[in-house]
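# A structural walkthrough
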Amino acid sequence: MAQEFFDPIPFIKEGAKTPIDLSRTPFFCNIGGFARYFETPPGGVQLLEPTISAPTVALGNEYRVRSATPEQNDPRYGEQTRLEFLADQVEYRPLWATSETAAAFGMTLVEPGQGIRVSSPQPRLTQIDYEYGMFAGHRSPYLGTGYRLLPKVCTDLEHHDFPHVFAAVDPHLPLVISVARYWPQRQQICLADLWLPRGHALYVPPRLPGQSCLDLHGNRNAALACWQGLVQTSIRTQTLLQTEDSYFYWFWNDLPSVHPLLDPTGTPHA
């Protein structure tokens, strides 16, 4: 009997890497939907101030955090904390990334023709081209299952002391960034998926540990929009990050998570 197999399943593909020296080119500018870095903003670029959101702002689906258990402290990668939710499963609220929804999770939306000065303790960062497969969320680095394709998507969120720029450069589909606002003392967390329109970008400033309100993010479900039409199986994106001596604070939960879809052709709204 002939054997039949599925096509290879794309996970995450790393592409071109561009060194960025913020001591020389500290301004990120969205030029025609692509990330560019300059010593001074080009003429016509609207310079933004980083969004400051009150820690009382709560947007997304709210859950009670029964416990937060530190699990590992690896100097090569960072600290892992397992969150136990008072729920059987968790659902992320789908939201278009607007100035208001991004601000609710400590991010700044940068539209085409806009720019922002990037703040970072480490000036030497890297912009990397990525291709995310639609199944990238169906893998967990915390369950000891390696790169096995899992039947559920777990919660996997982070913060760190270097900035991110997430740029939605795919020519056809939006980029999806999972986000959370977590209040450890209140044992409360709000979860959402920000659908970033094509040609837009999100600026995530550096975060320090131990704050009363933690803004978290994760891009394992970056290609969630692929599930809407099943035409594409992956999307392209650009990310600014620190690749050497970086240290992360990971927060995860192994409950199945639900990620409802938005219409990628729809009009973004708050």
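The sections below set out a description of the structure shown in this document. (Residues numbered from 1 in each chain as written. Predicted model: local features only at pLDDT ≥ 70, side-chain atom pairs only at ≥ 80, totals over all residues. Heavy atoms only, no water.)

## What about the state of the cysteines?
Each disulfide consists of one covalent bond between the sulfur atoms belonging to two cysteines. On inspection of all chains with the given rule, the structure shows 0 disulfides. Counting only cysteine sulfurs, cysteine 213 is the nearest neighbor of cysteine 190, a cysteine outside any disulfide, at a range of 9.3 Å. Under the relative-accessibility criterion, cysteine 190 is labelled buried at 1%. Residue cysteine 213 is classed as buried on the basis of its relative accessible area of 14%. (Disulfide = S-S within 2.5 Å. Buried < 20%, exposed > 50% of the residue type's maximum accessible area, 1.4 Å probe, protein only.)

## Things to note about the sheet that holds strand S3 (residues 34-38)
Whenever strands of a sheet pair, they do so through backbone hydrogen bonds, lying parallel or antiparallel. Ordered in space as S3-S2-S10-S4, the 4 strands form an open sheet in which the pairing is mixed. This sheet does not close on itself; its edge strands, each paired only once, are S3 and strand S4 (46-48). When strand polarity is set aside, the average angle formed by the axes of neighbouring strands in this sheet is 30 degrees. Relative to strand S10 (residues 114-117), strand S2 (residues 27-31) runs antiparallel, the two sharing 3 bridges. Within S10, the residue paired with cysteine 29 across the bridge is glycine 115. (Pairing = 2+ DSSP bridges. Helix = DSSP H or I, 4+ residues; strand = E, 2+ residues; numbered from the N terminus. Axes fitted to C-alpha atoms, helices over the stretch in contact; angles between N-to-C directions.)

## Structural notes on the sheet that holds strand S18 (residues 234-241)
Here we have 6 strands laid out as an open sheet, ordered S1-S11-S18-S13-S16-S9, and antiparallel in their pairing. Whereas interior strands pair on both sides, the edge strands pair on one side only; in this sheet they are strand S1 (12-21) and strand S9 (108-110). Pairwise comparison of adjacent strand axes, ignoring direction, gives a mean angle of 20 degrees for this sheet.

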